[in-house]
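Examining the three-dimensional arrangement
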Amino acid sequence: MDSLDNTSWDVIITGTGLPQSLLALSLSRSGKQILHIDRNDYYGGDEAALALSEAEQWVKKHGGDASENADSAYSHATISLSDAQEEGAKKLGFSRAYSLALAPHLVYARSNLLPAVVSSRTHSQLEFQAIGSWFTVTAPLDGLPSWSRLTRVPSGREDVFRDDSLDLRSKRSLMKFLRFVASYDEESEQQRMVELKGLPLSVALKQHFGLKSAAAVGPLLALALPTVSEIETTMEFAVPRIARHLRSIGMFGPGFSAVLPKWGGLAEIAQVACRACAVGGGVYVLGQGIKNAIRAEDAEDSKLRLELTGGEEVTARWLVGCPRDLPATISKPIPNQADPAEDIMKSISIVSSPLTSLFPPTAEGGVIPAGAVVWVEVAGSSSPSVRILVHSSESGECPAGQCVLYASLRGDPSYLDTAVQNLLESMGEQPKPEVLWQMQYQHHAEAEQPQNTTSSGHVFTLQPLSTGIVLEDDVLKDVEEAWRKIMGNGAEGFMKFESREGVDEDE
Amino acid sequence: MQSHGIPRVAATTLDKSEQARNKERKQITQYQALEKDVVDRAELDAQVKAKDYSDATFRLTSQLLTQNPEYYTIWNYRRLILQHVFARELAADEAPSEQDAAAADKAGLPPAQHEVLLLIKEDLQFLIPLLKQYPKCYWIWNHRSWLLGTATKHLPAHSAVTLWHAELGLVSKMLGLDSRNFHGWGYRREVVLAIERLSSNGDGEKESGSGNMVESEFAYTTKMIQSNLSNFSAWHYRSQLIPRLLSSRNADTKTRQEFLDAEFELITRALYTDPYDQSLWFYHQYLMATLSPANKQAEPVLEPCGRAEQARYLEREIGSVREMLEGAEDCKYIYQALLEYSGRYLEVEAEGEKVTLEEMRGWLRELRGIDPLREGRWRDLERKMGL
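Residues numbered from 1 in each chain as written. Chains lettered and ligands numbered in written order. Predicted model: local features only at pLDDT ≥ 70, side-chain atom pairs only at ≥ 80, totals over all residues. Heavy atoms only, no water.

Description of the overall build of chain B
The secondary structure content of chain B amounts to 16 helices and 0 strands. Within the span of chain B, comprising 387 residues, buried residues form 45% of the whole. Put simply, 64% of the contacts in chain B that link residues at least 6 apart link residues at least 24 apart. When the accessible surface of chain B is summed, it comes to about 20,300 Å², and 53% of that surface belongs to carbon and sulfur atoms. (Helix = DSSP H or I, 4+ residues; strand = E, 2+ residues; numbered from the N terminus. Buried < 20%, exposed > 50% of the residue type's maximum accessible area, 1.4 Å probe, protein only. Contact = heavy atoms within 4.5 Å. Areas by Shrake-Rupley, 256 points an atom, 1.4 Å probe, with all protein chains shown as cover.)

This is the structure:
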């Protein structure tokens, strides 16, 4: 390959995380000369999916504390393996049988990403699978044997009808609440929402919807997926999220509200997006980052002059990347670090059982889901709960007969393992499923980035994905803003392409 | 992403301009098809009038029907042709080919009938994609029914019943796709009846024979209701099955009462979940109607069923429905139910502690407030009930 030295580009994109890759996709038919680099030697950046050996390397690299990993969103990475196995016991498959997602996300059926995937003609290269059921695991009660209880979250009228744990009054009250949530942003309910929004969800349920039973709160929290404790979760937070869930059910098929991309989640979308840009003429180079901006603007041709980590000098009309991929000389230094209390503790566990009871069919004759969501209480209602995304081997992330558990928590990292163990215990399987392999790490929240303002404004900073587990619409909106800046304000047809000739059409 | 079992992302998410263009394309194709239709139709008319029941004519009907299955005249033509072919096969005195004879032998049928069976099966196959595309087209269901009827007429029971069982599978699948398709439910009843009739071997002992499907059909309605409460057809079918179910179980007085109580428990649970669903109220009304000896539409469930039982259940249900008001004060169906049952109660028992005219006037007032559009109806009700 020719050297990059002294090459000139319309757009240089740094980092192949999801936002940057989506931008590359959006520009793939623009005819612009695009150089897309990533300082890692793999695609996906912070959203990468890793084989086992790659995960081990990644953990080594991100093992230190935050200060040692200043240019990364991750730190404190560790791995633990289960003790030596007996003969014939379950064991790990080979490294490439796994595709572990660093940042697994739920993609709601209503998400703006999915129509964009279709209109940009990349949907035929992606497989989306259902995330079917949601569950709660309640901590063992004092005085009772330590069985955690696994309960399915009712997601609609028929679920509520069938749920034996709800008495008649609770059914009525829960339905009343769900009906309110379904239309919370309509004129008829706006006034009510204004009155209720500051209240904790649990309080509003009791006082305004007649839902006295504490056991009914957990399932609703599970649908909202807050990072804070029960008492800190307000109606303002919970209602729109529960509404999003309810409004997404049935969009792609009965009985489920969200999907996950097969073969490694968002990393797969990033890869497909980059591939599309490459087909459109984009040049891809891994193992390179932006070291420095040599001169912010050259008076003559108003281009940016940049030095890559390999020493090459390149020029570009536009530079786009997430803050951590842009050198400090370009992006404004972050005035204040994000609050470390906002950091999320994460773990990835490979489990020795298919956990089949977490994946019932979504409806009569419906699809078998590949994902499930479990909300695990660990230390009572004044402590945040652990969110666990469970992916079966159908997701392509692990071999058959195993599952991957992605746990996240804002709080004490030791609770992650407790939650995983509680979940496995509550399955009631004999023998109890084992964790074969586990990695833990911390994900740092990003401080709100002020939109970059260099003298010419030809550097655009994309917001990195949040530390959450739901893909928000903001991500694509941010990408669109960058696209519009680069293409000019009058540009139309964001992510809308005709199919290329010779490429198989879906319909 | 055509693979089975994986959700399709495409259909609902195309942007508007694409959708508009596709719609236009469809309209153009349909118009062109219609034009062609007219030309072919004229040809077909001529052939049928001339009693040209040839294969070419048959193929012409297939062509036309694939484009427009609502054209019922063409279905009639098709049946004329098939009838002719069946008659010819059954009357045939020429020996069948060796192949045909062997196949017929294997199926346990004389060759002529086997031929008819094959033709019927072929036509049933032809219908499947049409049914999938037009699940609410009367004529497709009708033709299927005719084919099955013909099979029953000409073929021995064991062959026909196999076909009917396949129909049961098909209709279950169709109802799985659209649980509220009343064509499907009607057809299902027809299928069940046919299977029972053919399986009873005409011995009249239907109820206890192996052909009795009432238990499995009752379980089917339970399943359908659980997957979608708002299923008028499922609830209706359930109500149709109950009398036979109870007699098939040889239910005595106690069993019957337990059964009725269980049904009330089920519908009450559903009503608490969603009192705004009209189909649930219809079923509640049905259960209440079984208590009225005067009501010819609803066979009594209880045995005996006299004034005492009626009063007792009316009292209980009025109480139960009254409780449902809490938290659903804007639900007009609750007030309607209360008024109706109170009216009935006052015919059976004198006014007293259980329900007062004052209370009823209150309910009527609420009803008027919630549904002012039907003022005329409420005024009528007021007059009829003497409030």
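What about a negative patch on the surface?
Residue and element names in this part refer to chain B. On the surface, a cluster of negative charge is contributed by Glu 326, Glu 329, Asp 330 and Glu 366. Structurally, the position occupied by Glu 329 is in the loop between helix H13 (307-324) and helix H14 (332-348). On the accessibility criterion, Glu 329 (47% relative accessible area) is partly exposed. (Patch = residues over 30% accessible without salt bridge, like charges linked within 9 Å, V, L, I, M, F, W, Y side chains within 5 Å. Salt bridge = Lys/Arg side-chain N within 4 Å of Asp/Glu carboxyl O. Lys, Arg positive; Asp, Glu negative; His and termini not counted. Charge placed at Lys NZ, Arg CZ, Asp CG, Glu CD.)

Comments concerning the pairing of strand E12 (residues 304-308) of chain A
All names here are of chain A. Within E12, 4 of the 5 residues are buried, leaving the element largely enclosed by the surrounding structure. Where E12 and strand E13 (residues 313-321) come together, 4 bridges link them in antiparallel fashion. Pairing of Leu 304 across the sheet is with Ala 316, part of E13. Counting the residues that bridge the hairpin from E12 to E13 gives 4 residues, and of these Gly 311 lies at a positive phi of roughly 100°. (Pairing = 2+ DSSP bridges.)

Focus: the pattern of salt bridges
Applying the stated criterion to the full structure yields 38 salt bridges over all chains. For Arg 238 of chain B, the salt bridge identified is with Glu 263 of chain B, shortest N-O distance 2.9 Å. Highlighted residues: Arg 238 of chain B in helix H10 (residues 232-248) and Glu 263 of chain B in helix H11 (residues 253-273), separated in sequence by 25 residues. Look at Arg 238 of chain B and you get buried, because its relative accessible area is 3%. Among the ionic pairs, Lys 332 of chain B bridges to Asp 371 of chain B, the shortest N-O distance being 2.9 Å. You can see Lys 332 of chain B sitting in helix H14 and its partner Asp 371 of chain B sitting in the loop between helix H15 (357-370) and helix H16 (375-385), a full 39 residues away along the chain. Where salt bridges share partners, they join Arg 157, Glu 158 and Arg 179 of chain A together with Asp 274 and Asp 277 of chain B into one cluster.

Quick notes on the pairing of strand E15 (residues 371-376) of chain A
Residues and elements named next belong to chain A. Of all 6 residues making up E15, 6 are buried, and the element is well covered by its neighbours. Looking at chain direction, strand E7 (residues 128-138) and E15 are connected through 5 bridges and run parallel. By the bridge assignment, Ile 131 is partnered in E15 with Gly 371. Both E15 and strand E16 (residues 386-392) contribute to a ladder of 6 bridges, which runs antiparallel. The residue of E16 that forms the bridge with Gly 371 is His 391.

A few points about helix H5 (residues 168-182) of chain A
When the terminal C-alpha atoms of H5 of chain A are compared, their 21 Å separation across 15 residues agrees well with the 21 Å that a helix rising 1.5 Å per residue should span. A distance of 3.0 Å separates the backbone nitrogen of Arg 169 of chain A from a side-chain oxygen at the start of H5 of chain A, and that oxygen is part of Asp 167 of chain A. (Expected span 1.5 Å × (residues − 1). Polar contact = N/O pair within 3.5 Å; in protein donor to acceptor, adjacent residues only side chain to side chain.)

Structural notes on the confidence of the model for chain A
Mean pLDDT over chain A: 87, with 89% of residues reaching 70 or higher. When mean pLDDT is compared element by element in chain A, helix H1 (residues 18-26) of chain A scores highest at 97, while strand E8 (residues 149-152) of chain A scores lowest at 81. (pLDDT = per-residue confidence, 0-100.)

Quick look at the packing of H10 of chain B against H11 of chain B
Residues and elements named next belong to chain B. It is the contact of H10 with H11, at a shortest axis distance of 12 Å, that shows an interaxial angle of 165°. It follows that H10 is roughly antiparallel to H11 by the angle criterion. For the pair H10 and H11, the crossing hand works out as right-handed. Contact residues: Trp 235, Arg 238, Ile 242, Leu 245, Leu 246 and Ser 247 in H10; Arg 256, Phe 259, Glu 263, Leu 266 and Ile 267 in H11. (Axes fitted to C-alpha atoms, helices over the stretch in contact; angles between N-to-C directions. Parallel < 35°, antiparallel > 145°, perpendicular 65-115°, else oblique. Left-handed = near helix turned anticlockwise from the far one by under 90°.)

A look at the packing of aromatic side chains
Each aromatic ring pair is characterised by the separation of its centres together with the angle its planes make. As enumerated under the stated definition, the model contains 19 aromatic pairs over all chains in all. Taking 5.2 Å as the distance between ring centres and 65° as the angle between the ring planes, the aromatic pair formed by Trp 58 of chain A and Tyr 74 of chain A counts as edge-to-face. Taken together, the positions of Trp 58 of chain A in helix H2 (residues 52-61) and Tyr 74 of chain A in strand E4 (residues 74-81) put the pair 16 residues apart, joining distant regions of the chain. When its relative accessible area of 1% is taken as the criterion, Tyr 74 of chain A is described as buried. On the basis of an interplanar angle of 55° and a centroid distance of 5.7 Å, the ring pair of Phe 232 of chain B and Phe 282 of chain B is categorised as tilted. (Phe/Tyr/Trp six-rings, centres within 6.5 Å; stacked < 30°, edge-to-face > 60°.)

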